[in-house]
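# Survey of secondary and tertiary structure
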2 protein chains.
Amino acid sequence: MNGKEVCELLEKKQYRILKESFADMNEVDLAELLGELPEKQMIMAFRLTGKEEGAEIFSHMEPREQQILVEAMTERELKEVLDEMFLDDTADLLEEMPANVVERILSNTDADTRRQLNQLLSYPEDSAGSIMTVEYVDLKPQMTVKDALEKIRRVGIDSETIYTCYVIRNKKLLGIVTAKDLLISDERKTIEEIMETNIIKVQTHDDQETVANMIRKYGLLALPVVDREGCMVGIVTVDDAMEVMEDETTEDMTLMAAMQPSEDSYFGTSVLRHARNRIPWLLVLMLSATFTGMIITKYERAFEAIPILVSFIPMLMDTSGNCGSQSSTLIIRGMAVDEIHLRDVLKVVWKEIRVAAVVSCTLAAVNGLRILIMYGDAKLAVLIGLTLVCTVTLAELIGCSLPMLAKKCRMDPAIMAAPLITTCVDAAAILIYFAIATHLFSL
Amino acid sequence: MNGKEVCELLEKKQYRILKESFADMNEVDLAELLGELPEKQMIMAFRLTGKEEGAEIFSHMEPREQQILVEAMTERELKEVLDEMFLDDTADLLEEMPANVVERILSNTDADTRRQLNQLLSYPEDSAGSIMTVEYVDLKPQMTVKDALEKIRRVGIDSETIYTCYVIRNKKLLGIVTAKDLLISDERKTIEEIMETNIIKVQTHDDQETVANMIRKYGLLALPVVDREGCMVGIVTVDDAMEVMEDETTEDMTLMAAMQPSEDSYFGTSVLRHARNRIPWLLVLMLSATFTGMIITKYERAFEAIPILVSFIPMLMDTSGNCGSQSSTLIIRGMAVDEIHLRDVLKVVWKEIRVAAVVSCTLAAVNGLRILIMYGDAKLAVLIGLTLVCTVTLAELIGCSLPMLAKKCRMDPAIMAAPLITTCVDAAAILIYFAIATHLFSL
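Keep in mind that this is a model prediction, so the values were computed, not measured. (Residues numbered from 1 in each chain as written. Chains lettered and ligands numbered in written order. Predicted model: local features only at pLDDT ≥ 70, side-chain atom pairs only at ≥ 80, totals over all residues. Heavy atoms only, no water.)

### Concerning the overall build of chain A
Of regular secondary structure, chain A possesses 23 helices and six strands. With the C-alpha coordinates of chain A rotated into their principal frame, the extents come out at 90 × 60 × 35 Å. Sorting the 443 residues of chain A into buried and exposed places 55% on the buried side. The contacts in chain A between residues at least 6 apart in sequence include a share of 67% that link residues at least 24 apart. Total accessible area on chain A stands at roughly 19,600 Å², and carbon and sulfur atoms take up 53% of it. On chain A, the mean spot of the 44 positive side-chain charges and the mean spot of the 69 negative ones are 3 Å from each other. (Helix = DSSP H or I, 4+ residues; strand = E, 2+ residues; numbered from the N terminus. Buried < 20%, exposed > 50% of the residue type's maximum accessible area, 1.4 Å probe, protein only. Contact = heavy atoms within 4.5 Å. Areas by Shrake-Rupley, 256 points an atom, 1.4 Å probe, with all protein chains shown as cover. Lys, Arg positive; Asp, Glu negative; His and termini not counted. Charge placed at Lys NZ, Arg CZ, Asp CG, Glu CD.)

Written out as structure tokens, the structure is:
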């Protein structure tokens, strides 16, 4: 079924057919489908979804669509949706809605939920606390396996996951029991006997990227979050970790291409917003590049004497920029997946120096030979070869060290990527090139 | 505990202490720790791990380390490890080992396992079939919930996940039952009554990136894989999907920086291998950039007449390169996360044209004004402004269309990123620049 068909069926008041097809569809697909409809039809179609599915569909919709729906809902409808939603999704919703909608949502939740929501909203953006959910299964150490299974049966429907249960005494996390452990253990055993006490956990203020990396590294379905006193406050589930991984990657790539990251999708971002995300860095880089131009002006007489010198500028700029961007990409990515740490800085520099030696000599040899064959000018070949060796080595050193420096200064290393590094390296390449040229040709 | 402490304890033959600390550690951490030890100590330490943990630790080690261990193991030890390993991990192992080790591994598995391994290894690289596992819980539709729970108790220990069970009749996948459904349903109900028949699944030949995107999009713990006849052949679990996401991102970023992707980590890759991954594209781009140089040579007389023209070359090259790389990054990423499709090509082009209009006019205005103030030359300001408008627009169009063209030709769009686009755009920028200059200044 596509958006047009839904509109037609709504037009013809074929509500029963729609209801039945909706019931057969996955909630994620339904959210996408409803998002394609015009406002009025979206509201009508949403009312045809089941009560439980409604909340899930709502959770998967875009903020703009959620706002339209909230504004169209009666108080009772809103309360029904909110009751079925998980708290972390409600917290996400509150962050996106304008003040009047937030007020209406809060007035439709009970005091206890409001307190929990406020707590969730108080954690810094992109921290473990801000992405966790507080709905998990908690067990007591003295419970038997049978008790635990009964508890899951009772509360399971309201928990994000029942597959990892948390053993808690006085708010402290003592151990973890998986549903698998419960299913394959003797029913009379106590939780204390079967629980795993060697627990992997994070703190509320840990970065969401760290959380996602841990879930991936250890292959977990959920990761417990504790506060500074070691009290259990929530869990992050693997599906949220996957979303974090995707968002962080998109953010890194966007930054690496010198853009402000956008919260929305490509098509969901307006033309003006796209332009606003792209212009600031372009301006900074454009004005910085004029410095490279000024350096060239300084050597005006050199290329007046030997005009061919100018024709090598693009090649030198591009090659050194590419080399710098290769190194910086590897380091930025290595740090993002927790493979390269700040303490490795010397190891990285030493590795890049050796790689640069091989790369720069190869490029110098190939290009030197080309020039020798094409122009038959040995001096020119030496000039280009020597310049390549120097600029490529410098570019790889700048490329590997700037991202680590950024990390050291608690900035996002992804900023120190191709565009910025190219601009730095360009100026250096031109300086080195003309310095060697004036020397070799005694200009 | 770190590598040095382990070596010391081994030296002192404190095996009991080591065994106890190993038993308390997570298998992933242990694999990392053992990987840091010298060969001999690694083999000794590995023998101190428990039988079940041993296989898991082994699965998490690097291929180089796995080879050392396999070569040191007796036939009995090897068989024990292989018996405990999941088949998808064994298949991965076989892909990495040299022929003689592969032979030894295969001779220690039974005929049935060998047949399954051969099947797994026959799927194309990076396909759903190549990352799936064949160890899952299958149920029959007429079973009761109680029967199903008993089956899980019996076979659960050997399955990758017990949380999603697959209902199968005549090899065909009829439905899905989660462990949660089983736990909260009446024990006397049949599987047929509670199973979900609206199944999200993939085919063996689907790309692994598609698989990971589906698991993320629908928040699944496992995704069933069927063959061309619709028969169930395996499942992909969420932990493997996370690894795929990470590998695919690293591969994309590496390609986008004009490097051959490496299978190993940054430090795990040798200097020569690093150089070999980086040189080919650098050479291609370097030689292509000489064309831009040749174009400049053609306009030798223009910059002999007005030498200041040369000083704007770096700024024009950098700016158009950056604009092209911004567009291409957004499109490459959008296609990777399944937000932008080939059918959207006109929508993309239209969006980029409008963004380019805003961006190019802003840059042209700022730079034109700067030149007017610094040089007081209106003609020069118009030249640079006009060139920026043309090159930026062209760069964004090239940037957004080349990745889509690559996808259309079934190539990886990530190749059409900053370095290649910069080189294309550079030549165009210089051509446009001198064309406008000769016209304006009637050179």
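Picking up where we left off.
### Considering the relation of the copies chain B and chain A
Mapping chain B onto chain A calls for a rotation angle of 180° and an axial translation of 0.1 Å; the resulting RMSD is 0.1 Å. Considering both components of the superposition, the chain copies are consistent with a two-fold axis. When you check the interface residues of chain B against chain A, 100% turn up at the interface there too, and the contact is symmetric in its surfaces. (Least-squares fit on C-alpha atoms with pLDDT ≥ 70 in both.)

### Comments concerning the packing of aromatic side chains
The geometry of an aromatic ring pair is captured by two quantities: the separation of the ring centres and the angle between the planes. A complete count under the given rule lists 13 aromatic pairs over all chains for this structure. Between Tyr433 of chain A and Phe434 of chain A, the ring centres sit 5.2 Å apart and the planes meet at 50°, which makes this aromatic pair tilted. For Tyr433 of chain A, a relative accessible area of 0% translates into the label buried. Residue Phe434 of chain A is classed as buried on the basis of its relative accessible area of 0%. These aromatic residues form a ring-pair network of at least three members: Tyr299, Tyr433 and Phe434 of chain A. The positively charged end of Lys347 of chain A is found above the aromatic ring belonging to Phe267 of chain B, 4.3 Å away from the centroid. (Phe/Tyr/Trp six-rings, centres within 6.5 Å; stacked < 30°, edge-to-face > 60°. Lys NZ or Arg CZ within 6 Å of the ring centre and 35° of its normal.)

### As for the environment of Asn26 of chain A
Following the sequence through the fold, Asn26 of chain A ends up in the loop between helix H2 (15-24) and helix H3 (27-35). For the pair Asn26 of chain A and Ile57 of chain A, spaced 31 residues apart in sequence, the C-alpha separation works out to 8.9 Å. In contact with Asn26 of chain A, not counting residues within four places along its chain, are Asn198, Ile200 and Tyr218 of chain B. Separated by 2.7 Å, the side chain of Asn26 of chain A and the backbone nitrogen of Val28 of chain A make a polar contact. (Polar contact = N/O pair within 3.5 Å; in protein donor to acceptor, adjacent residues only side chain to side chain.)

### Points about the packing of helix H16 (residues 238-256) of chain A against helix H16 (residues 238-256) of chain B
Relative to each other, H16 of chain A and H16 of chain B sit at 5°, their axes nearing to 11 Å. Of the possible angle classes, the one that applies to H16 of chain A and H16 of chain B is roughly parallel. Residue-level inspection shows Val238, Ala241, Met242, Met245, Glu246, Thr249, Asp252, Met253 and Met256 of chain A of H16 of chain A in contact with H16 of chain B, the latter providing Val238, Ala241, Met242, Met245, Glu246, Thr249, Asp252, Met253 and Met256 of chain B. (Axes fitted to C-alpha atoms, helices over the stretch in contact; angles between N-to-C directions. Parallel < 35°, antiparallel > 145°, perpendicular 65-115°, else oblique.)

### Details of the pattern of salt bridges
Pairing between side chains becomes possible if they bear opposite charge and their charged atoms approach one another. Per the stated rule, a full pass over the model turns up 29 salt bridges over all chains. A salt bridge links Glu243 of chain A to Arg216 of chain B; the nearest nitrogen and oxygen atoms lie 4.0 Å apart. In this pair, Glu243 of chain A is assigned in helix H16 and Arg216 of chain B in helix H15 (residues 208-217), connecting two distinct chains. A relative accessible area of 31% places Glu243 of chain A in the partly exposed class. Between Glu396 of chain A and Arg278 of chain B there is a salt bridge, with its nearest N and O atoms 3.3 Å apart. Of this pair, Glu396 of chain A sits in helix H22 (residues 378-408) while Arg278 of chain B sits in helix H17 (residues 271-298), on two different chains. Like Arg278 of chain B, Glu396 of chain A is buried. (Salt bridge = Lys/Arg side-chain N within 4 Å of Asp/Glu carboxyl O.)

### Details of the sheet that holds strand S5 (residues 222-226) of chain A
Residues and elements named next belong to chain A. Read from one edge of the open sheet, three strands run S4-S5-S6, paired in mixed fashion. Strands at the two margins of the open sheet, each flanked by one partner only, are strand S4 (202-203) and strand S6 (232-237). Where S5 meets S6, five bridges bridge the pair, whose relative direction is antiparallel. From the neighbouring strand, Pro224 faces S6, where its bridge partner is Ile235. (Pairing = 2+ DSSP bridges.)

### Re the interface of chain B and chain A
Between chain B and chain A, the residue contacts involve 110 residues of the former and 110 residues of the latter. Where chain B abuts chain A, roughly 10,100 Å² becomes buried across the two surfaces, and 71% of that area is made up of carbon and sulfur atoms. Where chain B touches chain A, the interface holds eleven salt bridges. A salt bridge links Glu246 of chain A to Arg216 of chain B; the nearest nitrogen and oxygen atoms lie 2.4 Å apart. (Buried area = accessible area lost by both parts, 1.4 Å probe.)

### Overview of a negative patch on the surface
Judged by side-chain charge, Glu62, Asp92, Glu95, Glu96, Glu125, Asp247, Glu263 and Asp264 of chain A together with Asp338 and Glu339 of chain B come together as a negatively charged surface patch. Residue classification places Asp264 of chain A among the partly exposed residues on the basis of a relative accessible area of 41%. (Patch = residues over 30% accessible without salt bridge, like charges linked within 9 Å, V, L, I, M, F, W, Y side chains within 5 Å.)

### A closer look at the sheet that holds strand S5 (residues 222-226) of chain B
All names here are of chain B. Across the sheet, three strands lie side by side as S4-S5-S6; this open sheet has mixed pairing. With one partner strand each, in any of the chains shown, strand S4 (202-203) and strand S6 (232-237) form the two edges of the open sheet. With two bridges joining them, S4 and S5 adopt parallel strand pairing. Paired with Gln203 across the strands is Val226, a residue of S5.

### As for the side chain of Glu248 of chain A
All names here are of chain A. Counting through the fold element by element, Glu248 comes out in helix H16. Notably, Glu248 is buried but unbridged: the nearest opposite-charge side chain belongs to Arg333, and the N-O separation is 8.9 Å. In this view, Glu248 contacts Gln208 and Glu209; residues no more than four positions away in its chain are not counted.

### Re the environment of Asn170 of chain B
Mapped onto the elements of the fold, Asn170 of chain B is located in the loop between strand S2 (164-169) and strand S3 (172-178). In the structure, Asn170 of chain B is positioned 30 residues away from Lys140 of chain B in sequence and 9.8 Å away in space, judged by C-alpha atoms.

### Things to note about the packing of helix H21 (residues 345-375) of chain A against H17 of chain B
Packing of H21 of chain A against H17 of chain B leaves a shortest axis separation of 9 Å and a crossing angle of 35°. Seen along the crossing, H21 of chain A lies across H17 of chain B with a hand that is right-handed. Facing H21 of chain A, whose interface residues are Lys351, Glu352, Arg354, Val355, Val358, Val359, Thr362, Leu363, Val366, Asn367, Arg370 and Met374 of chain A, H17 of chain B presents Val271, Leu272, His274, Ala275, Arg278, Ile279, Leu282, Leu283, Met286, Leu287, Thr290 and Met294 of chain B. In terms of residue class, the contact of H21 of chain A with H17 of chain B is built from 15 nonpolar, four polar and five charged. (Left-handed = near helix turned anticlockwise from the far one by under 90°. Nonpolar A, V, L, I, M, F, W, Y, C, P; charged D, E, K, R; others polar.)

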